[in-house]
Amino acid sequence: MNLAYTVSIAFRNLFRNARRSSITVLSVATGGIAVLMFGGFVANIFHSLETGLVMSGGHLQVFKQGYFHFGAGDPASYGIANYDEVMQTIKSDPQLGPMVTLATPQLTLFGVAGNFKEGVSRTFLGVGFIPSDRRKMAQWDRYDMHIPIRLSGMTDEQTDVGIVGYGLARVLHLCDALQVKDCPQPPKKAEQKAAVDTDIQALASAEAQTAAQQTQAGDHPKIDLLAATSQGAPNIVSLTVLKAQNQGFKEMDEVFVGMPLGLAQKLIYGRGTKQATSVVVQLNDTDQLYQAVDRLNQLFQEKGWGLEVRTFHDLTPFYDQATGMFRSIFAFLAVLMGAIVLFTVINTMSMVVMERTVEIGTLRALGLRRNAVRLLFIVEGALLGMVGATLGVISAIILSILVNASHLTWLPPNNVERIPLRVNVTANPDLILWTWILLVVIATLSAFFPANRAARLTVVNALHQV
Amino acid sequence: MTQTIAEETVARLNGVDKIYRLGDVDVVGLKGVTLALRRQKFTVIVGPSGSGKTTLLNLLGCIDTPNLGTVEVCGQDIATLDDNQLSDFRAMKIGFIFQNFSLIPVLTAYENVEYPLLLTGVPAAERKERTLAMLNAVELGDKANHRPNQLSGGQRQRVAIARSLIKEPALVLADEPTANLDTRTGGAIIALMRRMQETQHTSFVFSSHDPQLMEWADDTVTIRDGEIIDMRRAA
Ligand SMILES: Nc1ncnc2c1ncn2[C@@H]1O[C@H](COP(=O)(O)OP(=O)(O)O)[C@@H](O)[C@H]1O
Ligand SMILES: [Mg+2]
């Protein structure tokens, strides 16, 4: 008996108990919708987390060997003196060059920040960077996430202007001067809310000029940053604080100082060689991460530079923890939905086989082989799966479009600003394909057991339905 | 001598016992049955309910096996065939007509009749021609596209007759085909079967608990409590 005919019979059989078939199809579809919607949501979370990290810290950083484990407290010993050469090598390498959007130096340091007018001080974590490079890095939007860009307002020209975390501003009594909202000290600055909420994009273009005007106006507070130089002598620089910026999580917020690279170098290296503790590298495409890592390691080995590469996975363990957690939840949900589909189809097909026992006997008496009987019911289960899976995919796509169009937002963990809640179903053809295939496979497998029972019936018993 | 018997006989049972095991109880279906069915004859098996008619037809139809003795259909000892071979054998050689019509509900009258030809791999054009001819022969040409549930009992049984005959089987088995029909329709069905048997030159075995039907038969086998108590040929 040819397959097309078997499929045609199985298809017609679906309509014999249309109500039961519909319920089965709907439960398969529901399983598909749940998996696709949650999968699409998770994919969106992964993309937004990744985009956030890549926008602010690149894909990877190049350190002096050992820095990652031992160098954090000792920027002097773990500095990269030839960071310009490293960056040039990266950008001009025929293999790496095309992958890289940007390579920029960074100097991380620790010290004491003081607002000595107020008589307060505390330890800080300072990051020295090149403001214009940061602005370029923040443009990265490989997945069209449209995450609001938060600009420091710093410029390359203003060599002593930086930013601090909200928490640090609070501790240093800078809330008033920096117009920090929700600062527990002075409960009167609510009217600034509107200014902060103004369209970020608009701010971005106007940012450079306004920043310049503001500093020149001289209404920004200054703090003093104190650290030990590479020679071990205490050193101090003055920083004009442009604004306070929320750093997401409290630990960081209370210690963070962002400053121009030059200022950080002045603080740590004094008149000695200017160094960086890392070179931050941003790639066009995260898929090329390990390709880039391999090439970098190869280059560094060839040059004998004693550098090591750390990816954003290493630098932000939270990313892997969060994605791992969501992956587990997704897997749990998928297994649960798979089980529901399995049992629904087994149940439906068992009833089908029971109801059609006499018919099975008739077909066998007419000369249909056991295998053909088995195939008939397996195909029927597979069809239930295909119709259900297709319905599920279509529904999920429609639902995801509705969700995305409804402009919901949510606040991801460790994030400062609410981001759009989106469900990337259409953007994940792999997810759609695999969900569809798995649903059909499960439905087909589920039909296998009842189909086997149908095939094993003896003709006489089937005909007389014993 | 063996030659002539083989030619004349479409099926034979030799010392056949069929016992059904119901828990600890053995129920006798057939006991010591030896029987030869003549080719191209209309044989009626008569006996009261529970006498073993269905059991006998199941064995002849190669859908059941005896506990003792041999069953031979078209010269083939069916005990030597495995399940697939038996299926193919049935598909080629045996037509069934059931008491409850047993048409496939999702297939139209046309498709039900055509089905055995699909099983034996007859090419499409020939299939169509033979199916239409057979539907016309049972006077259902105008009902070709009706599903079984759109047909009356008599019409359904005519479809079943067409289905059993379309592959030109060596042996057609009809187990009380009129039991679910009123007397008039039943009579018409028997007349049709008899007519078809003659025009198609098929061997027909027909079972009934109604001794009146013996008048249609070439040969009559009377059965009671699993044993043959009488065999006779019409003049
Ligand atoms: N599958 C079965 N299991 C147990 N007993 C059966 C089975 N089929 C038939 N019998 C018994 O075998 C005997 C003959 O039955 P059957 O061949 O159906 O008779 P008939 O068709 O003449 O009514 C009866 O006693 C019946 O109860
Ligand atoms: Mg019977």
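Q: Residues and numbers for the site of ligand 1, please.
A: All names here are of chain B. Every one of the 13 residues lining ligand 1 counts as a neighbour, but Gly 50, Gly 52, Lys 53, Thr 54 and Thr 55 are closest to it. Take Ser 51: an N or O atom from its main chain is 3.2 Å from an oxygen atom of ligand 1. Look at ligand 1: alone it shows 550 Å² of surface, and the protein chains cover 70% of it. Looking at the shell around ligand 1, the elements with two or more residues in it are strand E1 (9–22), strand E2 (25–38) and helix H2 (53–60). In terms of residue class, the shell around ligand 1 is built from 5 nonpolar, 7 polar and 1 charged.

Q: Any chance you could break down the domain arrangement of chain A for me, citing the residues and the numbers?
A: Residue and element names in this part refer to chain A. Domain boundaries assigned for chain A yield domain 1 (3–50 + 320–463) and domain 2 (66–305). When each unit is reduced to the centre of its C-alpha atoms, the spacing between domain 1 and domain 2 is 50 Å. Summed over both sides, the interface of domain 1 with domain 2 buries roughly 1,000 Å², with 61% coming from carbon and sulfur. Joining domain 1 to domain 2, the criterion identifies 0 salt bridges. Between the two partners, domain 1 and domain 2, sit 3 residue pairs in polar contact (both at pLDDT 80 or more). Broken down by element, the residue count for the side of domain 1 that touches domain 2 peaks at 4 residues, all from helix H2 (residues 18–57). Residue composition of the side of domain 1 that touches domain 2, grouped by class: 2 nonpolar, 4 polar and 3 charged.

Q: Describe the sheet that holds strand E10 (residues 227–233) of chain B, with residues and values.
A: Residue and element names in this part refer to chain B. Across the sheet, 6 strands lie side by side as E6-E7-E8-E3-E9-E10; this open sheet has mixed pairing. Unpaired on one side and paired on the other, strand E6 (94–97) and E10 mark the two borders of the sheet. Taking the axes of each pair of neighbouring strands and ignoring which way they run, one obtains an average angle of 15° across the sheet. Bridge analysis of strand E3 (residues 42–46) against strand E8 (residues 203–208) gives 5 bridges, and the strand direction is parallel. Across the sheet, Val 46 pairs through a bridge with Ser 208, a residue of E8.

Q: Quick rundown of the side chain of Arg356(A)? Include the residues and the values.
A: Among the secondary structure elements, Arg356(A) is positioned in the loop between helix H14 (317–355) and helix H15 (357–366). Among all residues touching Arg356(A), those that are not within four sequence positions of it are Asn13(A), Arg16(A), Phe377(A) and Glu380(A).

Q: So what about the pairing of E6(B)? Which residues, and what values?
A: All names here are of chain B. Alternating positions in E6 separate into two faces, Ile 94 and Phe 96 on one and Gly 95 and Ile 97 on the other, with burial throughout. Bridge analysis of E6 against strand E7 (residues 171–175) gives 4 bridges, and the strand direction is parallel. Looking at E7, one finds that Ile 97 is bridged to Ala 174.

Q: Hey, could you go over helix H1 (residues 3–14) of chain A for me, with residue numbers and the actual values?
A: Helical geometry: 3.6 residues make up each α-helical turn, so side chains three or four residues apart lie on a common side. Taking 1.5 Å per residue as the helical rise, H1(A) with its 12 residues ought to reach 16 Å, and the 16 Å between its terminal C-alpha atoms agrees with that figure. Every buried residue belonging to H1(A) is among Tyr5(A), Thr6(A), Ile9(A), Ala10(A), Asn13(A) and Leu14(A), and all of these are buried. In the core, the buried residues of H1(A) are packed alongside H2, H15 and helix H16 (370–405) of chain A together with helix H4 (109–119) of chain B. The distance from a side-chain oxygen at the start of H1(A) to the backbone nitrogen of Ala4(A) is 3.1 Å, and the residue carrying that oxygen is Asn2(A).

Q: Requested: an account of a nonpolar patch on the surface, with residues and values cited.
A: Together, Leu433(A), Trp434(A), Ile437(A), Leu438(A), Val441(A) and Leu445(A) make up a nonpolar patch on the protein surface, roughly 570 Å² of accessible area in all. The residue Val441(A) is located in helix H17 (residues 429–456) in this model.

Q: Mind laying out the side chain of Thr222(B), listing which residues take part and the relevant values?
A: Turning to its location among the elements, Thr222(B) is positioned in strand E9 (residues 219–224). Among all residues touching Thr222(B), those that are not within four sequence positions of it are Val46(B), Glu227(B), Ile228(B), Ile229(B) and Asp230(B).

Q: How would you summarise the interface of chain A and chain B if you had to cite specific residues and measurements?
A: Counting residues at the interface gives 21 residues for chain A, matched by 26 residues for chain B. In this assembly, chain A packs against chain B so that about 2,300 Å² is buried in total across both faces, 60% of it on carbon and sulfur atoms. Per-residue buried area on chain A facing chain B is highest for Arg12(A), Leu366(A) and Arg369(A); these three make up 28% of the total on that side. In this assembly, chain A and chain B are joined by 4 salt bridges. A salt bridge links Asp83(B) to Arg370(A), with the nearest nitrogen and oxygen atoms 3.2 Å apart. Counting across the interface, chain A meets chain B through 8 residue pairs in polar contact (both at pLDDT 80 or more). Residue assignment for the side of chain A that touches chain B shows that the elements contributing at least two residues are H1, H15 and helix H18 (459–463) of chain A. When residues of the side of chain A that touches chain B are assigned to their parent elements, the largest contribution, 7 residues, is made by H15(A).

Q: A description of helix H4 (residues 83–92) of chain A should follow, citing residues and the corresponding values.
A: Residue and element names in this part refer to chain A. Of the positions making up H4, those classed as buried are Tyr 83, Val 86, Met 87, Thr 89 and Ile 90. Projected onto a plane normal to the axis of H4, the buried residues spread over an arc of 160° and lie on a single side. Exposed and facing more than 90 degrees away from the buried side of H4 are Asp 84 and Ser 92. For H4, the elements touching its buried residues are strand E2 (100–115), helix H11 (261–269), strand E8 (278–283), helix H12 (289–303) and strand E9 (307–311).

How each quantity is defined
Residues numbered from 1 in each chain as written. Chains lettered and ligands numbered in written order. Predicted model: local features only at pLDDT ≥ 70, side-chain atom pairs only at ≥ 80, totals over all residues. Heavy atoms only, no water. Near = heavy atom within 4 Å. Polar contact = N/O pair within 3.5 Å; in protein donor to acceptor, adjacent residues only side chain to side chain. Areas by Shrake-Rupley, 256 points an atom, 1.4 Å probe, with all protein chains shown as cover. Helix = DSSP H or I, 4+ residues; strand = E, 2+ residues; numbered from the N terminus. Nonpolar A, V, L, I, M, F, W, Y, C, P; charged D, E, K, R; others polar. Domains from an automatic or database assignment. Buried area = accessible area lost by both parts, 1.4 Å probe. Salt bridge = Lys/Arg side-chain N within 4 Å of Asp/Glu carboxyl O. Pairing = 2+ DSSP bridges. Axes fitted to C-alpha atoms, helices over the stretch in contact; angles between N-to-C directions. Contact = heavy atoms within 4.5 Å. Buried < 20%, exposed > 50% of the residue type's maximum accessible area, 1.4 Å probe, protein only. Expected span 1.5 Å × (residues − 1). Patch = residues over 30% accessible without salt bridge, like charges linked within 9 Å, V, L, I, M, F, W, Y side chains within 5 Å. Arc of directions from axis to C-beta.

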